[in-house]
Every structure is written in C-alpha cells, then in structure tokens.
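# Architecture at a glance
Here is how the chains run, residue by residue.
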Amino acid sequence: MDDWLERLCTNRWNLIALDGDRVIGHVAVIPADASAPEFLISVHQAYQNDGVGTELIKQLIAYAADRDHSGLTLEVSKGNKRASTVYQNGGFDVAKRKLSELEMELDLEHSLVERLRRPAERD
C-alpha cells in the first residue's frame, strides 16, 4: 500500500471536476512517464449519473493524447457493468479478463480520440 501511495503522489498527473469550489470528481494517471499509463477515477456520489465521469474520461483522453501517451489502461470490477459500459463507450476495449476484474485499454490512435478536445478547443 505504501508503494502504491508513493507512486500515486510522485509520478502522476491529475484532473479534477469542480462545482464552484467543491471537488466533485477526480482522475489520476499513473505512472505519468509510461507510454500507456493506468488511470483511476472517482466521482462524488451526489454527482454520479450526471455525466461528470464521462466528461472526466473525455478530458483524460484529450490530455493524454496531448502529452504523447500511446494509450491508457484501467482495471474495473467485472460486477461494475455501468462503469464497463462507460469505458467501452469511451473507446476502451477489454484486453484481459481476470477472476474478478477486467483490464481495459484504449489505443490513443483510435479514431474517437481525434474527435475529443479540451473544453477551450471545442466548438
């Protein structure tokens, strides 16, 4: 656990979603120097099902592409069908099935990535 926390705090980049000055969502990419880093995402319970997670994933993909990452990876519980669907709708594919988890990945050369832009770059 200490190694994971140390890695999360030292070799990462983060994006947050705000409602006023309240943090309502967070995504972290670790390790930041990997060509296809893993990401973690959380959305405050009161803001789930409002599109916050979907927007954070779009931002994550746009920023990762801007930072010349080749891909993104994640692990999700097999029982978390809603999250799996959100990731698949975001272009992620199942790379490996484990006992209780799915490993998913997104190749940033995917055509979907070209359509995603940070808010300031959107029409």
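This write-up is about the structure you can find in this document. As the structure is a prediction and not an experimental result, all values here were calculated from the model.

What counts as what
Chains are numbered independently. Their residues run from 1 in the order of the written sequence. This being a predicted model, a pLDDT of at least 70 is required before a residue's local features are given, and a value of 80 or more before pairs of side-chain atoms are given or counted; all residues contribute to the totals for chains, interfaces and linings. Hydrogens are left out, water is left out, and the side-chain values use all remaining heavy atoms of the structure. Any pair of Phe, Tyr and Trp rings, taking the six-membered ring for Trp, is counted once the centres come within 6.5 Å. Such a pair is stacked with planes under 30 degrees apart, edge-to-face with planes over 60 apart, and tilted for the rest. Secondary structure elements follow DSSP: runs of H or I no shorter than four residues count as helices, runs of E no shorter than two count as strands, and numbering proceeds from the N terminus. Each residue gets one of three labels from its accessible area relative to the maximum for its type: buried under 20%, exposed over 50%, partly exposed in between, using a 1.4 Å probe on protein chains only. We call a charge positioned over a ring when the NZ of a Lys or the CZ of an Arg lies within 6 Å of the ring centre and within 35 degrees of the ring normal. Two strands form a pair only when DSSP identifies at least two bridges running between them. Contacts are residue-level and defined by heavy atoms, with any inter-residue pair within 4.5 Å sufficient. Side-chain atoms within 4.5 Å are what join buried Ala, Val, Leu, Ile, Met, Phe, Trp, Tyr and Cys residues into a set we call a nonpolar core. Definition used for salt bridges: Asp or Glu carboxyl oxygen within 4 Å of a side-chain nitrogen of Lys or Arg.

## Here's the deal with the packing of aromatic side chains
For any pair of aromatic rings, geometry is given as the distance between the ring centres together with the angle between the planes. Tallied over the full model, the rule gives four aromatic pairs. Measuring from centroid to centroid gives 6.0 Å for Phe 39 and Tyr 87, while their planes differ by 85°, and the two rings are edge-to-face. Here Phe 39 is found in strand β3 (residues 38–43), whereas its partner Tyr 87 is found in helix α3 (residues 81–89), with 48 residues between them in sequence. Of the two residues, Phe 39 and Tyr 87, both sit in the buried class. With a centroid separation of 6.1 Å and an interplanar angle of 65°, the aromatic rings of Tyr 87 and Phe 92 are classed as edge-to-face. Like Tyr 87, the residue Phe 92 is buried in the burial classification. Cluster of aromatic residues (ring-pair linked, three or more members): Phe 39, Tyr 87 and Phe 92. The residue whose ring lies beneath Arg 67 is Trp 13, and the NZ or CZ to ring-centre distance is 4.5 Å.

## Brief notes about the pairing of strand β2 (residues 22–30)
For strand β1 (residues 13–19) and β2, the ladder comprises seven bridges, and the chain directions are antiparallel. By the bridge assignment, Trp 13 is partnered in β2 with Val 29. Sheet analysis places β2 next to β3, joined by six bridges and oriented antiparallel. Paired with Gly 25 across the bridge in β3 is Val 43.

## Here's the deal with the side chain of Ser 84
Secondary-structure assignment places Ser 84 in helix α3. Those residues in contact with Ser 84 that lie beyond four places of it in its chain are Val 76, Ser 77, Leu 102 and Met 104.

## Here we look at the nonpolar core
Phe 39, Tyr 87 and Phe 92 are the most contacted members of the largest nonpolar core, which has 25 residues in total. Elements that contribute at least two residues to this core include exactly β1, β2, β3, α2 (52–66), β4 (71–77), α3 and β6 (101–107). It is α2 that contributes the most residues to this core, six residues altogether. For Tyr 87, the contacting residues outside a window of four places in its chain are Phe 39, Ile 41, Ile 57, Leu 74, Val 76, Phe 92 and Met 104.

## Overview of the pattern of salt bridges
Applying the stated criterion across every chain yields a total of two salt bridges. For the salt bridge of Lys 98 with Glu 75, the shortest nitrogen-to-oxygen distance reads 3.1 Å. Linking Lys 98 in the loop between β5 (93–97) and β6 with Glu 75 in strand β4, this pair joins segments that are 23 residues apart in sequence. Among the ionic pairs, Glu 103 bridges to Lys 98, the shortest N-O distance being 2.9 Å. A residue is classified by how much of its surface remains accessible, and Glu 103, at 22% relative accessible area, is partly exposed. Counted as one network, the salt bridges with shared partners bring together Glu 75, Lys 98 and Glu 103.

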